[in-house]
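Residues per chain are reported as follows:
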Amino acid sequence: MEAVLAHLRGAIERGEYAVGDKLPSEAELCRTLEISRPVLREALRALQTMGLTVSKTGKGTFVVASAVEDPTFGDYAASDLLEVRRHIEIPVAGYAALRRTPENLDHLAHLLDRMERETDTTAWVAMDTLFHLAVAEAAQNPVFRRVIEEIRDALARQSAFLNELGDRREQSNREHRAIVEALVDGSEIDAVDAMSHHLDRVETTLTHIVRPARTDQHQEGGTQA
């Protein structure tokens, strides 16, 4: 899927498909690229998330931008989502370290164990959002949980996107474990640091997907040693 996405994205960014153009039909793309329809549809969904295309029911997929600016997850742009997460989830982790109950810790440990064993990405993504809700619950403030609940769909879409294109799952599991260990220790500082690190890694992975490093600039200096 990553190869198909890179091919279509490159064609759009090079102007082979201009803004306003309709992409070839799914049947034609599958035939030309020699891929299955499920793989193509995943790539098309990623293009739409990146803001390069829009899908119109019964009409097809149309190019709406020539470069990726800010991916959208559900109702929210990635930059807006991350800004809010930093202001909410980092202090929430600190409160959770101070206020968590044995039941909160048991629930989080159980979720984490399931996530580390899970091999299905869809199931893992669902548990990922539950994990962040559980941390908010451990802060013992229902308003925090309500805020996370409001952005839950966007979190799930972002998580699926990062796992599909950034191979984030194992790294995320380790980051989640660090958060839980800080909560178990009751360390507000460690919990804040662990959540900050987690969100930093989310941002870094997203940036690498949205603005991949160009190789042409490294080829100007002649042959490599």
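In this text the structure is predicted, and so the values were computed from the model without any measurement.

This paragraph deals with the overall build of the protein. Secondary structure summary: the protein contains 10 helices and four strands in total. Projecting the C-alpha coordinates of the protein onto the three principal axes gives extents of approximately 55 × 50 × 30 Å. Pairs at least 24 apart in sequence give 71% of the contacts found in the protein among residues at least 6 apart. Counting every atom, the protein has about 12,200 Å² of accessible surface; 48% of that belongs to carbon and sulfur. The distance from the centre of the 26 positive side-chain charges to the centre of the 38 negative ones in the protein is 5 Å.

Attention now moves to the packing of helix α2 (residues 26-33) against helix α3 (residues 37-49). Running from N to C, α2 and α3 point in directions that differ by 110°, and their axes come no closer than 10 Å. Viewed along their axes, α2 and α3 adopt a mutual orientation that is roughly perpendicular. On α3, the residues that touch E26, A27, L29 and C30 of α2 are R37, L40, R41 and L44. Taken together, the residues of the contact of α2 with α3 break down into five nonpolar, no polar and three charged.

Summed over the entire model, instances satisfying the criterion amount to 14 salt bridges. With a closest N to O distance of 3.7 Å, R37 and E26 form a salt bridge. Of this pair, R37 sits in helix α3 while E26 sits in helix α2, placing them 11 residues apart in sequence. For R86, the salt bridge goes to E203, with nearest N and O atoms at 2.8 Å. Taken together, the residues span a long stretch of sequence, with R86 in helix α4 (residues 78-99) and E203 in helix α10 (residues 188-210) at a distance of 117 residues. The exposure class assigned to E203 is partly exposed, which follows from its relative accessible area of 35%. Ionic contacts of the salt-bridge type, sharing partners, join the residues E137, R145, E149 and R152 into one network.

This part takes up the packing of helix α6 (residues 121-138) against helix α8 (residues 152-166). When two helices pack together, their arrangement is captured by the angle between the axes and the distance separating the axes. Closest axis-to-axis distance for the α6/α8 pair is 9 Å, and the angle between their directions is 135°. When the interaxial angle is binned, α6 and α8 end up oblique. Classified by chirality, the crossing of α8 by α6 is right-handed. Here T121, W124, V125, D128, T129, L130 and L133 of α6 come into contact with α8, specifically with R152, L155, A156, S159, A160 and N163. Tallied by class, residues from the contact of α6 with α8 come to seven nonpolar, four polar and two charged.

Now for the packing of aromatic side chains. Inspection of every chain in the model, using the stated rule, returns two aromatic pairs. Taking the centre distance of 5.4 Å and the plane angle of 65° together, the rings of F73 and F161 count as edge-to-face. On the criterion of sequence distance, the pair formed by F73 in strand β3 (residues 72-73) and F161 in helix α8 is long-range, its members being 88 residues apart. You'll find F73 and F161 in the same group, each marked buried. An angle of 25° between the planes, with centres 5.8 Å apart, marks the rings of Y95 and F144 as stacked. A residue pair is termed long-range when its members are at least 10 positions apart, and Y95 in helix α4 and F144 in helix α7 (residues 142-150) qualify at 49 residues.

Below, the discussion takes up the pairing of strand β2 (residues 60-63). Taken together, the four bridges between strand β1 (residues 53-56) and β2 define a ladder with antiparallel strand orientation. If you follow S55 over to β2, its bridge partner there is T61. Counting the residues that bridge the hairpin from β1 to β2 gives three residues, and of these G58 lies at a positive phi of roughly 80°.

Further remarks concern unusual backbone geometry. Working note: non-glycine residues mostly have negative phi, and peptide bonds are mostly trans. A positive phi angle, near 55°, is found at E34, a position not held by glycine. The topology assignment puts E34 in the loop between α2 and α3.

This next bit is on the confidence of the model for the protein. When pLDDT is averaged along the protein, the result is 90; 94% of the residues meet or exceed 70. Low confidence marks residues 215-225, where pLDDT is under 50. Its contacts with residues over four positions away, or in another chain, come to one contact.

The subject of this paragraph is a negative patch on the surface. A grouping of E2, E164, D167 and E170 is seen on the molecular surface, where their side chains present a negatively charged patch. On the basis of relative accessibility, which here comes to 61%, the residue E170 falls in the exposed class.

Thresholds applied
- Residues numbered from 1 in each chain as written.
- Predicted model: local features only at pLDDT ≥ 70, side-chain atom pairs only at ≥ 80, totals over all residues.
- Heavy atoms only, no water.
- Helix = DSSP H or I, 4+ residues; strand = E, 2+ residues; numbered from the N terminus.
- Contact = heavy atoms within 4.5 Å.
- Areas by Shrake-Rupley, 256 points an atom, 1.4 Å probe, with all protein chains shown as cover.
- Lys, Arg positive; Asp, Glu negative; His and termini not counted.
- Charge placed at Lys NZ, Arg CZ, Asp CG, Glu CD.
- Axes fitted to C-alpha atoms, helices over the stretch in contact; angles between N-to-C directions.
- Parallel < 35°, antiparallel > 145°, perpendicular 65-115°, else oblique.
- Nonpolar A, V, L, I, M, F, W, Y, C, P; charged D, E, K, R; others polar.
- Salt bridge = Lys/Arg side-chain N within 4 Å of Asp/Glu carboxyl O.
- Buried < 20%, exposed > 50% of the residue type's maximum accessible area, 1.4 Å probe, protein only.
- Left-handed = near helix turned anticlockwise from the far one by under 90°.
- Phe/Tyr/Trp six-rings, centres within 6.5 Å; stacked < 30°, edge-to-face > 60°.
- Pairing = 2+ DSSP bridges.
- pLDDT = per-residue confidence, 0-100.
- Patch = residues over 30% accessible without salt bridge, like charges linked within 9 Å, V, L, I, M, F, W, Y side chains within 5 Å.

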